[in-house]
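Descriptive structure summary
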Amino acid sequence: MGKKKAENFLDYIPKRNKLYDWEINTKKHVEVAVINRGLYNRIAQLIFHKPKISKIELDEFGSFIWQEMDGTKSIYEIGTHVKDKFGKKAEPLYERLCEYIKTLHNNRFIVYENKKKNK
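Predicted model only: the values in this text are computed from it and were never measured.

1. Thoughts on the overall build of the protein chain
If you tally the helices and strands in the protein chain, you get 4 helices and 5 strands. Counting from the amino terminus, helix and strand elements in the protein chain follow one another as β-β-β-α-β-α-α-α-β. Over its C-alpha trace the protein chain gives a radius of gyration of 17 Å, far above what one expects of a compact globule, namely 14 Å for 119 residues. Considering only C-alpha atoms, the protein chain reaches an extent of 60 × 40 × 20 Å along its principal axes. Expressed as a percentage of the 119 residues in the protein chain, the buried residues total 35%. Put simply, of all contacts in the protein chain between residues at least 6 apart along the chain, 61% involve residues at least 24 apart. Looking at the protein chain as shown, the accessible area adds up to about 9,000 Å², and 53% of this sits on carbon and sulfur atoms. Computing the positive centroid from 25 side-chain charges and the negative centroid from 16, the protein chain places the two 6 Å apart.

This is the structure in structure tokens:
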């Protein structure tokens, strides 16, 4: 019997979630549109005139990474592109990149193309 090979997070292929629209704003940053659903959001919209759609603006690093996540590049490959563009400003590169991608995934902004599904 062989040992089970451990998954390497850098091999994951992130892809933007199709449920979220996005665009590039005048500052060349990505803005992700989030629809505020649910009872509490509806009450806030009616009483406090809160918007139905919130736009989340990503910074320069986040905008670059967001556009790289097209469902074809691994996290490792995205990291090499980040390093090419930002150099030492991106360090510690993979620690920051992995945390950022995990946060996007936890908030359902992205999905993993090759993550194994639990049966």
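2. Topic: the sheet that holds strand S3 (residues 30–35)
Strand order in the open sheet formed by 3 strands is S2-S3-S4, and the pairing between neighbours is antiparallel. Looking at which strands have only one partner, the edges of the open sheet turn out to be strand S2 (22–24) and strand S4 (53–57). Pairs of neighbouring strands in the sheet enclose a mean axial angle of 25°, with direction left out of account. Pairing analysis gives 3 bridges linking S2 to S3, with the strands arranged antiparallel.

3. Let's talk about helix H3 (residues 75–86)
Over its 12 residues, H3 runs 16 Å from end to end, which matches the ideal 16 Å to within 8%, given 1.5 Å per residue. Among the residues of H3, Ile75, Ile78, Gly79, Val82 and Phe86 are the ones counted as buried. Looking down the long axis of H3, one finds its buried residues gathered within 105° of arc, a one-sided arrangement. The inward-facing, buried residues of H3 contact strand S1 (14–16), helix H2 (60–68) and helix H4 (93–106). Of the residues flanking the end of H3, it is glycine 87, one or two places downstream, whose phi is positive at about 60°.

Conventions used here
- Residues numbered from 1 in each chain as written.
- Predicted model: local features only at pLDDT ≥ 70, side-chain atom pairs only at ≥ 80, totals over all residues.
- Heavy atoms only, no water.
- Helix = DSSP H or I, 4+ residues; strand = E, 2+ residues; numbered from the N terminus.
- Rg over C-alpha atoms; globule rule 2.2 N^0.38 Å.
- Buried < 20%, exposed > 50% of the residue type's maximum accessible area, 1.4 Å probe, protein only.
- Contact = heavy atoms within 4.5 Å.
- Areas by Shrake-Rupley, 256 points an atom, 1.4 Å probe, with all protein chains shown as cover.
- Lys, Arg positive; Asp, Glu negative; His and termini not counted.
- Charge placed at Lys NZ, Arg CZ, Asp CG, Glu CD.
- Pairing = 2+ DSSP bridges.
- Axes fitted to C-alpha atoms, helices over the stretch in contact; angles between N-to-C directions.
- Expected span 1.5 Å × (residues − 1).
- Arc of directions from axis to C-beta.

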